[in-house]
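Read off the chains here:
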Amino acid sequence: MDARLTTELWVQALVRRAGGLGAFATVVRRGDRDAGAVILHHVQPGGGEAALARITAPGGGGQWDRVRATPEHSREAIAGYLARQVEFDPDLWIVELVAEDITPFIDGMNPAR
């Protein structure tokens, strides 16, 4: 997140941007409003899901890393991953984004793992 923005404000802006671009985003889990980490659960309407985590890049900027992906709708695999992350980090935010293309919603992403 930008150092000047709280996580809550950043997530609200993401949800609003999704609506403005014809996508759908919803907050599935609220974490720490000031500094919680965020995982995007990207659902493609045609099939496939991915979980992307915001990581801190060298120099203080942030970028997204695809941490879990499935070629077909596999809600169970993604749900299991998200549940484990919440156990590890109770301040975590989870945002589900239903969009064909995720690139308008992220500012940098590492290659898929």
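The next point concerns the nonpolar core. Core analysis: the largest hydrophobic core is formed by 18 residues, its most contacted members being V38, L40, W64, V95, L97 and F105. Per element, the largest residue contribution to this core is 4 residues, and it comes from helix α1 (residues 7-20). Ranked by size, the runner-up nonpolar core spans 9 residues in total, among them I39, A51, A53 and I78.

Looking now at the environment of L21. Along the chain, L21 falls in the loop between α1 and β1 (24-29). Look past the residues within four positions of L21 in its chain and what remains in contact with it is P104 and F105.

For the rest of this paragraph, the subject is the pattern of salt bridges. A complete count under the given rule lists 1 salt bridge for this structure. Among the ionic pairs, R33 bridges to E8, the shortest N-O distance being 3.1 Å. With a gap of 25 residues between them, R33 in the loop between β1 and β2 (38-43) and E8 in helix α1 connect regions that are remote in the sequence.

The first and last C-alpha atoms of α1 sit 20 Å apart over 14 residues, in line with the 20 Å expected at 1.5 Å per residue. G22 sits one or two positions beyond α1 and adopts a positive phi of about 80 degrees.

Procedures and definitions
Residues numbered from 1 in each chain as written. Predicted model: local features only at pLDDT ≥ 70, side-chain atom pairs only at ≥ 80, totals over all residues. Heavy atoms only, no water. Core = buried A, V, L, I, M, F, W, Y, C linked by side-chain atoms within 4.5 Å. Buried < 20%, exposed > 50% of the residue type's maximum accessible area, 1.4 Å probe, protein only. Helix = DSSP H or I, 4+ residues; strand = E, 2+ residues; numbered from the N terminus. Contact = heavy atoms within 4.5 Å. Salt bridge = Lys/Arg side-chain N within 4 Å of Asp/Glu carboxyl O. Expected span 1.5 Å × (residues − 1).

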